[in-house]
Amino acid sequence: MSNNVLPAGSVWSAFSGPNLGYVMEQYDLYLQSPEEVELQLVELFQAYGAPVFSDGETVVSGDTTGTGDYTKVLAAVKLAAAIREYGHLAADLYPLKNRTLDTTRIKESVFNLTDADLAAIPATVFFKNVPAGIANGKDAIAYLKAIYTDKVGVEYSHLQNDVEREWIQSKIESGVFKNTLSTDEKKAVLERLTRVENFEKFIHKTFVGQKRFSGEGLDTQIILLDEILKGSENNGVKNARIGMAHRGRLNVLTHILNKPYDMMFSDFAHVSNELFMPADGSLEITKGWTGDVKYHMGASYMRSTGMNVKLAYNPSHLEVGNPVVLGAARAVQDDTTAPGTAKHDASKAVGILLHGDAAFAGQGIVTEGFNFSQTEGFSTGGTVHIISNNMIGFTTELYDSRSSVYSSDPAKGYDIPVIHVNADSPETVAQVGRFIAEYRAKFAKDIVIDLIGYRRYGHNETDDPTVTNPETYKLVAKHEPIRALYGAELAAANVITAEQVKEIDTNVYAEMQAAYDHVKAMAEKDEHVAIEMPEELKVDFPEIATAVDFDRLNKVNEDLLVFAEGFEPQNKLGKILEKRRDAFATAKIDWGHAETLAYATITQDATPVRFTGQDAQRGTFSQRHLVLHDKNNGSEYTPIHHVDGVKASFTVCNSPLTEAGVVGYEYGYNLENENVLSIWEAQFGDFANMAQVMFDNFISSARAKWGQKSGFVILLPHGYEGQGPEHSSSRMERFLQLSAENNWFVANCSNAGNYYHLLRRQAGLLGTEGVRPLVVVSPKSLLRHPLAAASAEQLATGRFQEVIEQEGLGKNVAAVEKVVLGTGKVMIDLAERVKDGEGFDHLHIVRVEQIYPFPTQQVADIIARFPNVKEIVWVQEEPKNQGSWMYVLETLYAMAEGKKVSYVGRPAMSSTSEGDGDSHKAAQTKLITEALDK
């Protein structure tokens with residue numbers, strides 16, 4: 001018997017007289033010598049503890065004897081447990097009736113039980129509160145089968161929390177999923193289904209051949225969302241954040257986000273949808289200048305109840321939008337307006353994710369999201385997961401798409417309950433939605449609803465599914481739509497007449513025709529104004545004041561070195577931090593120190609900061625130490641929280657060991673709260689490889705596609721120090737390849753002070769039209785390098801410099817024949833070699849601190865100062881086919897005006913670097929020497 005599924009009642013009520021005496025005697029023996037007691041009785045004692053009288057008194061001894069047929073009671077208990085645990089396998093979940101149901105685990109014969117055996121057992125064995133009409137064990141088993149094998153199947157036996165498991169069991173067995181709707185509610189569901197179906201039918205007939213990725217076959221998805229949202233509202237939730245891929249998306253936009261019919265039809269008719277925007281301001285949409293297909297678009301809708309519902313914009317890459325929605329939900333829940341860690345209140349928002357069945361099982365990003373669910377920095381207080389299960393993946397049948405019984409099975413590994421429900425049962429679906437809202441409010445945990453239906457058409461409406469799935473589509477062709485089935489059901493029950501069912505259908509379709517007629521009439525007024533990039537985005541180098549008064553900085557530095565009374569940092573760390581006082585005075589402010597000062601002053605300016613990464617608190621290279629740990633008891637202390645004058649939250653979290661999920665999450669957080677400086681740091685820059693889909697489909701292009709602004713910061717430790725191919729390059733070439741239309745900044749700083757100003761510039765751009773993401777190719781060996789250190793004066797009076805000229809060079813203007821350009825760590829390697837510039841009159845070195853947008857004019861002006869320049873050299877550590885060279889090449893040739901343009905660096909390579917330290921050293925020495933030679 002499962003340790004997790006137990007009867008709710010008292011098994012001891014089945015025994016009396018000699019039978020009870022025998023059991024009591026065996027319990028005494030069990031306490032002394034359990035190995036001498038029969039295994040079946042041991043199972044009972046382990047599950048239920050000591051036998052008790054009906055009045056609750058514990059029995060500790062007894063002098064009556066008898067054999068008693070306790071085996072029948074135990075068998076009945078096991079049968080009930082099996083129904084509760086495995087009943088879903090025999091449940092009526094499949095509208096097409098195309099799955100073999102498994103009843104083998106819940107048959108009485110398997111447990112050697114007869115009806116007579118069960119009838120002799122009291123019903124109290126099976127229930128704490130016996131349902132009405134249940135007289136004995138036979139009735140009890142019949143009732144349990146009726147509950148657990150109907151149109152809904154629940155998996156909860158795997159849950160670890162007894163209270164949670166018993167609560168779910170009590171709800172199920174009280175008949176929560178069998179509750180009927182009122183007459184008015186039934187009519188409302190029918191009307192809703194009629195709109196859902198007719199919307200799809202109208203588009204199918206009117207816009208022949210146009211893709212819409214219909215959700216037909218899962219029409220009750222809208223009913224489910226309706227009930228979840230209403231139930232959440234009743235529990236005080238004011239915001240909902242929804243994510244889904246393309247299938248069924250247009251119906252969700254129309255019937256959940258309330259995008260008007262004419263506005264939706266205008267997208268198909270190629271008429272500007274702005275002509276149909278609701279005048280009351282309840283609906284908001286954003287647009288980019290390149291645009292996107294209609295079934296990727298999102299919207300924000302303010303319900304009349306005051307709940308704000310947003311559907312996230314999403315590419316076709318199925319589940320990749322999940323973490324973006326989770327991050328957005330968390331951003332709504334967090335209060336970032338006060339010092340300290342952002343205060344989390346999960347009741348402010350609910351996250352809802354709609355998944356495809358094949359994608360749910362197949363895409364690892366799904367389980368990355370589940371792994372967030374109970375973590376401190378990433379929990380959203382329970383995300384609702386709906387699997388829109390059409391039993392097929394494009395053309396792939398389930399036996400090729402997964403290795404589990406259900407597509408939902410991965411969720412069970414995260415202690416999450418799963419509810420399977422037949423999508424052809426609207427009232428059951430409605431009750432499931434109500435249950436979900438109640439469950440989340442009570443337990444603040446994720447839950448999965450496996451809404452099982454079918455797909456009426458192919459993958460898209462031009463696809464013929466009978467080519468690859470003929471048997472399935474024979475069944476689909478014969479199967480009545482959900483609306484027709486439910487309408488007939490209500491007519492048969494005299495809730496509504498068949499004529500009224502038809503009238504509703506006719507009227508709804510006519511309403512849609514009228515909406516389309518409106519579109520055609522308005523087409524003549526459509527001026528088709530093209531969307532252009534905002535003027536603020538056309539500025540390559542926005543001017544933002546980033547200097548901080550010296551006295552203020554000095555006070556911040558001192559505050560950061562004061563710990564709470566009794567707090568003792570680790571000895572070595574304490575000494576390192578104490579040196580920051582001297583460093584401030586001696587112009588030796590290293591990278592971590594400058595970064596901390598940036599965050600402290602940013603929060604003083606009332607801009608919240610959220611910083612995450614796998615080792616963000618300490619820093620991968622033990623350079624940051626934003627969160628300290630007491631050496632005596634491990635308690636945490638965050639110095640920035642105690643800096644005088646801080647006006648906003650500072651949250652720094654070590655993240656789960658994942659990249660795609662966390663990058664998407666933090667991006668979503670920043671989209672939702674555009675005033676937060678959201679930062680993600682890769683453990684090493686190459687870890688960003690695992691999140692490439694987020695950079696490609698969201699961060700680099702969302703502004704152009706969807707009009708979504710972001711100031712998200714990505715830190716990618718990068719630099720060639722002989723650590724091998726995997727921990728050298730952050731693949732900056734990939735980010736530069738995606739660079740266009742001033743979509744982001746790509747920077748590779750060589751100085752801690754310049755990094756300080758870069759962060760403050762980014763914070764200053766938040767909430768403005770000129771904001772854009774920031775990719776920082778951040779250092780490793782430069783973190784403590786003296787030539788990369790900053791002075792307090794630089795922080796107090798400077799600004800971010802896109803270009804830095806090497807000190808000591810270029811004094812003899814006429815002698816300079818070679819200008820060396822480069823970016824990042826290699827420029828410090830060059831600086832170490834040239835020192836004060838003696839012996840290098842022929843040379844000038846220019847560090848390009850911001851690679852994109854490239855500071856073309858600034859570099860050109862520097863070169864123009866030297867009339868005898870013959871050669872412009874780009875130097876880099878990365879192989880020729882990687883790094884910045886391919887990106888800057890065209891720009892360098894354009895500004896060269898006949899001068900020689902040369903490359904210095906590693907040759908083209910399939911790997912990012914050499915694999916051992918000696919080879920690295922030889923290659924590095926060679927390129928530095930070549931760059932500096934005449």
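In what follows, the structure referred to is the one given above.
S.K.: Outline the side chain of Thr254, listing residues and values.
M.R.: Residue placement: Thr254 occurs in helix 9 (residues 249-255). A polar side-chain atom of Thr254 sits 2.8 Å from the main-chain carbonyl oxygen of Leu250. What Thr254 contacts, discounting residues up to four positions off in sequence, is Phe199, Lys259, Tyr261 and Met264.

S.K.: Quick rundown of the sheet that holds strand 4 (residues 299-302)? Include the residues and the values.
M.R.: Read from one edge of the open sheet, 9 strands run 1-10-11-9-8-2-5-4-3, paired in mixed fashion. Each edge of the open sheet is held by one strand with a lone partner, namely strand 1 (152-155) and strand 3 (283-284). As paired strands, strand 2 (residues 239-244) and strand 8 (residues 349-356) are joined by 6 bridges and run parallel to one another. Across the sheet, the residue bridging to Ala240 is Val350, located in strand 8.

S.K.: Before we move on, can you summarise the packing of aromatic side chains with the specific residues and values?
M.R.: Within a pair of aromatic rings, the relevant descriptors are the distance that separates the centres and the angle that separates the planes. Under the criterion given, the structure shown has 42 aromatic pairs. Arranged with centres 5.2 Å apart and planes meeting at 65°, the rings of Phe177 and Phe435 form a pair that is edge-to-face. Within this pair, whereas Phe177 is found in the loop between helix 6 (162-173) and helix 7 (183-206), its partner Phe435 is found in helix 15 (residues 426-443), the two being separated by 258 residues in sequence. The residues Phe177 and Phe435 share a single accessibility class, namely buried. Pairing Phe563 with Tyr637 gives two aromatic rings, centres 6.0 Å apart and planes at 80°, and the pair type is edge-to-face. Separated by 74 residues along the polypeptide, Phe563 in the loop between helix 19 (550-559) and helix 20 (571-586) and Tyr637 in strand 14 (residues 636-637) bring together distant segments of the chain. Residue Phe563 is classed as partly exposed on the basis of its relative accessible area of 24%. Here Tyr637 falls in the buried class, since its relative accessible area comes to 8%. Among the aromatic residues, ring-to-ring pairing joins Phe199, Phe202, Phe207, Tyr261, Phe265, Phe268, Tyr509 and Tyr516 into one connected group. The lysine or arginine in question, Lys294, covers the ring of Phe268, its NZ or CZ lying 4.5 Å from the ring centre.

S.K.: Can you lay out the pairing of strand 21 (residues 818-822) for me, pointing to particular residues and giving the numbers?
M.R.: Successive residues of a regular strand alternate their side chains across the two faces of the sheet. The buried fraction of strand 21 amounts to 5 of the 5 residues, a majority that puts the element mostly inside the structure. Both faces of strand 21 are covered, namely the face carrying Lys818, Val820 and Gly822 and the face carrying Val819 and Leu821. Here strand 21 pairs with strand 22 (residues 843-848) via 5 bridges, running parallel. Bridging across to strand 22, Gly822 finds its partner in Arg847.

S.K.: Outline the sheet that holds strand 12 (residues 609-613), listing residues and values.
M.R.: Read from one edge of the open sheet, 7 strands run 15-12-16-17-19-18-23, paired in mixed fashion. One side of each edge strand has no neighbouring strand; the edge strands of this open sheet are strand 15 (650-654) and strand 23 (850-852). Recorded for the sheet is a direction-independent mean angle of 20° between the axes of neighbouring strands. Both strand 17 (residues 713-715) and strand 19 (residues 774-776) contribute to a ladder of 3 bridges, which runs parallel. Bridge pairing links Leu715 to Val776 in strand 19.

S.K.: Describe in detail unusual backbone geometry, supporting the description with residues and values.
M.R.: For residues other than glycine, phi is negative in most cases, and the peptide bonds are mostly trans. Residues Tyr852 and Pro853 are joined by a peptide bond in cis, for which omega reads -10°. With respect to the element layout, Pro853 can be found in the loop between strand 23 and helix 29 (856-864). Backbone geometry places Leu318, a non-glycine residue, at a positive phi of 45°. Following the sequence through the fold, Leu318 ends up in the loop between strand 5 (308-311) and helix 11 (322-333). A residue is classified by how much of its surface remains accessible, and Leu318, at 34% relative accessible area, is partly exposed. Residue His625 is not a glycine yet carries a positive backbone phi of 55°.

S.K.: An account of helix 22 (residues 660-672) is requested, with residue identities and associated values reported.
M.R.: Taking 1.5 Å per residue, 13 residues should reach 18 Å; helix 22 reaches 18 Å between its end C-alpha atoms and fits that length. Listing the buried residues of helix 22 in full gives Ala660, Gly661, Val662, Val663, Gly664, Tyr665, Glu666, Tyr667, Gly668, Tyr669 and Asn670.

S.K.: Please give an account of the pairing of strand 11 (residues 447-452) that cites residues and values.
M.R.: Of all 6 residues in strand 11, 6 are buried; the element is thus mostly enclosed. Neither face of strand 11 is left uncovered, since the one carrying Ile447, Ile449 and Leu451 and the one carrying Val448, Asp450 and Ile452 both have all their residues buried. Two elements, strand 9 (residues 384-389) and strand 11, share 6 bridges in a ladder whose sense is parallel. Along strand 11, the bridge assignment pairs His385 with Val448. Following the chain from strand 10 (residues 418-422) across helix 15 to the adjacent parallel strand 11, one finds a crossover that is right-handed.

S.K.: With reference to specific residues and values, describe the packing of helix 11 against helix 22.
M.R.: Between helix 11 and helix 22, the shortest axis-to-axis distance is 6 Å and the interhelical angle comes to 45°. Judged by the inter-axis angle, helix 11 sits oblique to helix 22. Read as a crossing pair, helix 11 and helix 22 show a hand that is right-handed. Counted together, Pro323, Val324, Leu326, Gly327, Ala328, Arg330, Ala331 and Val332 of helix 11 and Ala660, Gly661, Gly664, Tyr665, Tyr667, Gly668, Tyr669, Leu671 and Glu672 of helix 22 form the full contact between these two elements. Residues belonging to the contact of helix 11 with helix 22 are distributed by class as follows: 11 nonpolar, 4 polar and 2 charged.

S.K.: Talk me through the nonpolar core; I want residue IDs and the actual numbers.
M.R.: One finds Phe265, Ile352, Phe435 and Trp680 to be the most contacted residues of the largest nonpolar core, which totals 180 residues. Tallying contributions element by element places helix 3 (residues 70-86) first for this core, with 10 residues. Here Ile352 is in contact with Leu225, Ile228, Leu229, Arg241, Ile242, Gly243, Val325, Val384 and Ile386, once residues within four sequence places are set aside. In terms of nonpolar packing, the next biggest core, distinct from the first, is built from 47 residues, Leu553, Val556, Ile640 and Val776 among them.

S.K.: So what's going on with the pattern of salt bridges? Which residues, and what values?
M.R.: Applying the stated criterion to the full structure yields 56 salt bridges. Close ionic contact of Lys145 with Glu108 constitutes a salt bridge, the shortest N to O distance being 3.0 Å. Residue Lys145 is found in helix 5 (residues 137-148), and its partner Glu108 is found in the loop between helix 3 and helix 4 (115-119); the two are separated by 37 residues along the sequence. Measuring nitrogen to oxygen at the nearest pair gives 2.9 Å for the salt bridge that ties Glu535 to Lys538. Glu535 sits in the exposed class, given a relative accessible area of 53%. Here the residues in one salt-bridge network are Glu185, Glu227, Lys230 and Arg434, joined through shared partners.

S.K.: Go over the packing of helix 20 against helix 21 (residues 591-604), please, and point to the residues and values.
M.R.: One way to put it is that helix 20 packs onto helix 21 with a least axis distance of 11 Å and a crossing angle of 85°. Taken together, the axes of helix 20 and helix 21 are roughly perpendicular relative to one another. For the pair helix 20 and helix 21, the contacting residues are Arg580, Ala583 and Phe584 in the first and Gly592, His593, Thr596 and Leu597 in the second. Residue composition of the contact of helix 20 with helix 21, by class: 3 nonpolar, 3 polar and 1 charged.

Cut-off values and rules
Residues numbered from 1 in each chain as written. Predicted model: local features only at pLDDT ≥ 70, side-chain atom pairs only at ≥ 80, totals over all residues. Heavy atoms only, no water. Helix = DSSP H or I, 4+ residues; strand = E, 2+ residues; numbered from the N terminus. Polar contact = N/O pair within 3.5 Å; in protein donor to acceptor, adjacent residues only side chain to side chain. Contact = heavy atoms within 4.5 Å. Pairing = 2+ DSSP bridges. Phe/Tyr/Trp six-rings, centres within 6.5 Å; stacked < 30°, edge-to-face > 60°. Buried < 20%, exposed > 50% of the residue type's maximum accessible area, 1.4 Å probe, protein only. Lys NZ or Arg CZ within 6 Å of the ring centre and 35° of its normal. Axes fitted to C-alpha atoms, helices over the stretch in contact; angles between N-to-C directions. Expected span 1.5 Å × (residues − 1). Right-handed = clockwise from strand over helix to strand, strands pointing away. Parallel < 35°, antiparallel > 145°, perpendicular 65-115°, else oblique. Left-handed = near helix turned anticlockwise from the far one by under 90°. Nonpolar A, V, L, I, M, F, W, Y, C, P; charged D, E, K, R; others polar. Core = buried A, V, L, I, M, F, W, Y, C linked by side-chain atoms within 4.5 Å. Salt bridge = Lys/Arg side-chain N within 4 Å of Asp/Glu carboxyl O.

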